[in-house]
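Overview (structure and organization)
The lines below spell out each chain.
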Amino acid sequence: MTPPVAAPQHTVESFSRAFLRELNYGQGVDLDRASSNDKYHALARTVRDYLTIRWLETLRNQYRDQAKTVAYLSAEFLLGPQLENGMLASDLDEIAEEALRRLGVDLDELRAVEVEPGLGNGGLGRLAACFIDSLATLNVPTIGYGIRYEYGIFRQTFVDGRQVEKPDHWLRLGSPWEIPHPENAVEIAFGGHTEPATNGNKDARTWVPAWNVSAVPYSYMVPGYRNGRVNTLRLWSARATHEFDLQIFNSGDYAEAVRARTFAENISKVLYPEDSTPQGKELRLQQQYFFVAASLRDFIESVLPADFDLTRLPDRVTWQLNDTHPVIAVPELMRLLVDERGWDWDAAWAVTQKVFAYTCHTLLPEALEVWPVELLGRLLPRHLEIIYRINDEFLDEVRAAYPGDALRERRMSIVAEHPQRAVRMAHLATVAGFRVNGVAELHSQLLADKLLVDFAQLWPGKFTNVTNGVTPRRFIRLANPGLSGLITEAIGDGWITDLERLKEIEPLADDAEFRARFRDIKAANKRRFADVLLARDGIDIAGDAMVDAMVKRLHEYKRQSLKLLHIVSLYDGIRTGRLELDSVTARTFVFGAKAAPGYTMAKEIIHLINAVGATINADASLEGRLKVAFPANYNVTLAETLVPAADLSEQISLAGKEASGTGNMKFALNGALTIGTDDGANVEIRQLVGDENFFLFGLTEPQAAALESDGYHPSAFYESDPELKAALDLIASGAFSGGDKAMFEPIVSNLLYEDRFMALADFRTYLDAQQRVDAAYADQDAWSRSAVLNVARTGFFSSDRSIQDYLDRIWGARPVSQNRIG
């Protein structure tokens, strides 16, 4: 075995030398002539070199120990900036800053150069990133698997207030954090047909594919917090197996000469290609199979020893399915074992049922992926055959448990017959997985009681809960250095890896000096956010107003429309004299939200938010009192500035619709008070911080279900509430659209006659809760006490705790300590 390379010493002098060496020999420039990008890349590679020594040692130890590994399969990993996280994890932050200072290099300038990887969309990807951070920090052998999207999801811009999607060129200047391994490329097949196997195995078939692509792996290092472990995130990029036809090129048909390359590379171009067309749907399925097929083969053939007995696979790995996107891995593993390894069906199925676990991230039935049988059969014919057999044997089990219950069979079948024949991926995951978990107590309860109730009745022991969490390294230690320093001064720095220790600052909520310092830090964070917003987006906000934040994916169930109705109601009250201007709390309403390109109503709501904002922001009489800020392309980088600045966290989805949320946790941990419904993890936040430190409103999940069952008529709420009526009428009047009454009519009509997520039903209690917010915020010292208690009582929401729950309840893997080197 290759002996370990000694890690470089952590000194200012050695770091300076390493940085200059990377600048000279990596970028090919002297310090005097180096651009900011040159210096950023040199710094990033210097930090990466420190991590690489530990990464290689981690890989050696894992191969030697063959400890059980978590293989985390996720379509998204929203990592955020890597530089500061790498420096913090490797204990280089202070050394690097001092080394650069001595060289006359401004670290803040280099931070500003970094473009965060465009590998995720929202909560799902950010959760995956938090989890792999915690897995490394807890010393758990882990490999994350995903796709290296060339253009991310999209870069959001606004043109006349409307969302316009642009490519996210996050790789334009290269990424110093990735390591390509083209020599380890995996060939992935698609299409074609199947034939009887010739090896005598009655369970096997031979797949004769029509075309294939090459999956090229790129490794990203995932460091644990100062523990010597560096795990791996492996992302796959699609390449053509035959990229270039010289004969066609020489004939003059240059486009046709590279057609195969273009076709193949589409697979890893963008996250979530718009799927309102048949071509878009097919591309999404190609993406999902592409990355899981490459990942399973990589683990079996590259991570495991060549002579590994695959009957022991459950002792060596759990493949965690992060939502339904990777579920096609189930028939792929069966194909590998039966068709390629010659196993009989029963033996392969016994192993398959012990290596997959499934996390469901939704309560919306329409969000559970289904694939038309026609598409699946055309693209992956062997996998459809395998799914059919899994379903046949599963339905035999259902019939045995519930004889004569044909409707139950139809509900539970993996293959739906109506409105079209389609494969229900959540059902496949539930049948194949040995555990199914929700991501908050309420969500897990509703998952078992409603969304997958038939399965929970058949296999009650299969269902469990793991409440989500966020990494305190990024979202407190890095994002909020002022608060981090205050906490560390009070209780030491052990909270960074044991967030429950935040309870130790609870007595300080009654310390007037501590509260005053806490307020000063919040005020400084607000000024920092205002400066960033002005420089980044040209948005000028007051640095001392309440920061009222609602940042999340734009979806009707999240109810940005309800927040907007509150703003319009305030504006209308001031405009008509119903409210005295001086009585209105100074607020900056901050939105951050992307709408899926094909989601028309969500994009209309974005347009209305911007229109209302433009009207309010142009009204000189409201200067310093009301402001609407909607920075385009909200991302992790901006979140790290907004979250510490926020006073009020808007978590206002209809009860029973949000699985968990993680933004709610980030805001609470940074001292924002929550206004919210009893939905998702809001329930647990409220229980922990106390009702007096949480602004609860709205229908409960049973009340919302009963209202829907009885027949919900939103227009009745409109007619009975003068303020609601005035707000909707103002929108309908064209006041925010230059007199064009038709512009926002689809939104008004949707709320009046459909309002699927009951914004109008919750409007009155929401406004009442906002009045309680105003009253509480008027007493800044009491507000600070509540904010400190929010921080002290929400240590439960660490992703470290989430991962420990996964280890205890699902995975059965154990931490494996690293040999500290250097």
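Residues numbered from 1 in each chain as written. Predicted model: local features only at pLDDT ≥ 70, side-chain atom pairs only at ≥ 80, totals over all residues. Heavy atoms only, no water.

A short note on the overall build of the protein chain
Helix and strand counts for the protein chain come out as 34 helices and 23 strands. The C-alpha atoms of the protein chain give 27 Å as radius of gyration, which agrees with the globular expectation for 822 residues (28 Å, within 12%). With the C-alpha coordinates aligned to their principal axes, the bounding extent of the protein chain is approximately 85 × 75 × 65 Å. When the 822 residues of the protein chain are sorted by exposure, 61% land in the buried category. Considering only intrachain contacts with a sequence separation of at least 6, the fraction spanning at least 24 residues in the protein chain is 77%. (Helix = DSSP H or I, 4+ residues; strand = E, 2+ residues; numbered from the N terminus. Rg over C-alpha atoms; globule rule 2.2 N^0.38 Å. Buried < 20%, exposed > 50% of the residue type's maximum accessible area, 1.4 Å probe, protein only. Contact = heavy atoms within 4.5 Å.)

Focus: the environment of Gly469
Among the structural elements, Gly469 can be located in the loop between strand S17 (463–465) and helix H20 (472–478). With relative accessibility at 0%, the residue Gly469 sits in the buried group. Taking the C-alpha atoms as reference points, Gly469 and Glu301, separated by 168 residues in sequence, lie 33 Å from one another.

Quick word on the pairing of strand S21 (residues 648–651)
Residues Leu648 and Glu650 point to one face of S21 and Ser649 and Gln651 to the other, with burial holding for every one of them. Pairing of strand S18 (residues 546–551) with S21 involves 2 bridges; the strand directions are parallel. From the neighbouring strand, Ala549 faces S21, where its bridge partner is Ser649. Strand direction decides the pairing type here: S21 and strand S22 (residues 673–676), joined by 4 bridges, are parallel. From the neighbouring strand, Ser649 faces S22, where its bridge partner is Thr674. Handedness of the β-α-β unit built from S21, helix H26 (residues 663–669) and S22 comes out right-handed. (Pairing = 2+ DSSP bridges. Right-handed = clockwise from strand over helix to strand, strands pointing away.)

Quick notes on helix H25 (residues 636–645)
Most of H25 is tucked away: 9 of the 10 residues are buried. For H25, the full list of buried residues reads Val636, Leu638, Ala639, Glu640, Thr641, Leu642, Val643, Pro644 and Ala645. Contact partners of the buried residues in H25: helix H6 (123–137), H20, helix H22 (512–537), S18, strand S19 (587–592) and H26.

A look at the sheet that holds strand S20 (residues 626–629)
Reading across the sheet, the 6 strands line up as S20-S19-S18-S21-S22-S23 and stay open at both edges, with parallel pairing between neighbours. Two strands close off the open sheet at either side, each with one partner strand: S20 and strand S23 (694–696). Each neighbouring strand pair of the sheet contributes to a mean axis angle of 20°, computed without reference to strand direction. Relative to S20, S19 is paired through 4 bridges, and the arrangement is parallel. Bridge pairing links Val590 to Ala629 in S20. Along the sheet, helix H32 (residues 759–778) contacts S18, S19, S21, S22 and S23; its crossing angle with S23, the most-contacted strand, is approximately 160°. (Axes fitted to C-alpha atoms, helices over the stretch in contact; angles between N-to-C directions.)

Some words on the nonpolar core
The biggest cluster of nonpolar side chains holds 152 residues, and the ones touching the most others in it are Ile188, Phe290, Leu313 and Trp319. With 12 residues, helix H10 (residues 278–303) is the single largest residue contributor to this core. Residues in contact with Phe290, not counting those within four places in the same chain, are Ile188, Phe190, Val213, Ser214, Ala215, Trp236, Ser237, Ala238 and Ile267. (Core = buried A, V, L, I, M, F, W, Y, C linked by side-chain atoms within 4.5 Å.)

A few points about the sheet that holds strand S13 (residues 370–372)
Within the open sheet, the 3 strands sit side by side as S13-S15-S14. Their pairing is antiparallel. Lying at the two open borders of the sheet, with one neighbouring strand each, are S13 and strand S14 (415–416). The sheet contact formed by S13 and strand S15 (residues 422–424) spans 3 bridges and is antiparallel. Directly across from Pro372, in S15, lies its bridge partner Ala422.

Things to note about the packing of aromatic side chains
This model, assessed by the stated rule, comprises 22 aromatic pairs. Between Phe394 and Trp459 the ring centres are 5.7 Å apart and the planes differ by 40°, which places this aromatic pair in the tilted class. Taken together, the residues Phe394 in helix H15 (residues 381–401) and Trp459 in the loop between helix H19 (453–458) and S17 connect sequence positions 65 residues apart. Considered together, Phe394 and Trp459 belong to a single accessibility category, that of buried residues. Ring centres of Tyr571 and Phe736 lie 5.9 Å apart, and the angle between their planes is 50°; this geometry places the pair in the tilted category. With a gap of 165 residues between them, Tyr571 in helix H23 (residues 560–576) and Phe736 in the loop between helix H30 (722–732) and helix H31 (745–753) connect regions that are remote in the sequence. Grouping residues by exposure puts Tyr571 and Phe736 together as buried. One aromatic cluster in this structure is built from Tyr72, Phe77, Phe131, Tyr806 and Trp811. (Phe/Tyr/Trp six-rings, centres within 6.5 Å; stacked < 30°, edge-to-face > 60°.)

Observations concerning the pattern of salt bridges
Opposite charge on two side chains lets them pair, provided their charged atoms get close. Throughout the structure, instances matching the rule amount to 67 salt bridges. Here Glu84 ties to Arg111 by a salt bridge, and the two come within 2.7 Å at their closest N and O atoms. Of this pair, Glu84 sits in helix H3 (residues 83–89) while Arg111 sits in helix H5 (residues 107–113), placing them 27 residues apart in sequence. Judged by relative accessible area, Glu84 falls into the partly exposed class, the value being 25%. Classification of Arg111 as partly exposed rests on a relative accessible area of 26%. Among the charged side chains, a network of salt bridges with common partners joins Arg297, Glu301, Glu332, Arg335 and Glu340. (Salt bridge = Lys/Arg side-chain N within 4 Å of Asp/Glu carboxyl O.)

A few points about the pairing of strand S2 (residues 142–147)
By the criterion of burial, S2 is predominantly enclosed, with 6 of the 6 residues buried. On S2, burial covers both faces: Thr142, Gly144 and Gly146 on one face and Ile143, Tyr145 and Ile147 on the other are all buried. Pairing analysis gives 4 bridges linking strand S1 (residues 69–73) to S2, with the strands arranged parallel. Note that in S2 the partner of Tyr72 across the bridge is Gly144. Two strands pair when backbone bridges link them, and S2 and strand S10 (residues 230–240) are joined in this way by 5 bridges, in the parallel orientation. Within S10, the residue paired with Ile147 across the bridge is Trp236.

Some details on unusual backbone geometry
Across the chain, the bulk of peptide bonds are trans and the bulk of non-glycine residues have phi less than zero. A cis amide bond links His418 to the next residue, Pro419, at an omega of 0°. Note on placement: Pro419 falls in the loop between S14 and S15. In this model, Asn633 sits at a positive phi of 60°, which is unusual for a non-glycine residue. Checked against the element boundaries, Asn633 lands in the loop between S20 and H25.

Looking at the state of the cysteines
Overall, the coordinates contain 0 disulfides when judged by the stated rule. The thiol of Cys360 is unpaired, and the distance to the nearest cysteine sulfur, on Cys130, comes to 19 Å. Judged by its relative accessible area of 0%, Cys360 falls in the buried class. (Disulfide = S-S within 2.5 Å.)

Focus: helix H1 (residues 12–26)
Given 3.6 residues to a turn, an α-helix orients residues that are three or four positions apart in the same direction. Look at H1: 20 Å from first C-alpha to last across 15 residues, which is about the 21 Å you get at 1.5 Å a residue. Restricting attention to buried positions, one finds in H1 the residues Val12, Ser14, Phe15, Ser16, Ala18, Phe19, Glu22 and Leu23. As for H1, its buried residues are in contact with helix H2 (36–65) and helix H4 (93–102). (Expected span 1.5 Å × (residues − 1).)

A word on the packing of H1 against H4
Interaxial distance between H1 and H4 falls to 9 Å at its minimum, and their mutual angle equals 65°. Between H1 and H4, the crossing angle belongs to the class labelled roughly perpendicular. In terms of crossing hand, the pair formed by H1 and H4 is right-handed. Between H1 and H4, the contacting residues are Val12, Glu13, Phe15, Ser16 and Phe19 on the first element and Ile95, Ala96, Glu98, Ala99, Leu100 and Arg102 on the second. Looking at side-chain class alone, the contact of H1 with H4 contains 7 nonpolar, 1 polar and 3 charged residues. (Parallel < 35°, antiparallel > 145°, perpendicular 65-115°, else oblique. Left-handed = near helix turned anticlockwise from the far one by under 90°. Nonpolar A, V, L, I, M, F, W, Y, C, P; charged D, E, K, R; others polar.)

As for the environment of Ala136
Assignment of secondary structure puts Ala136 in helix H6. Exposure remark for Ala136: the relative accessible area of 0% places this residue in the buried category.

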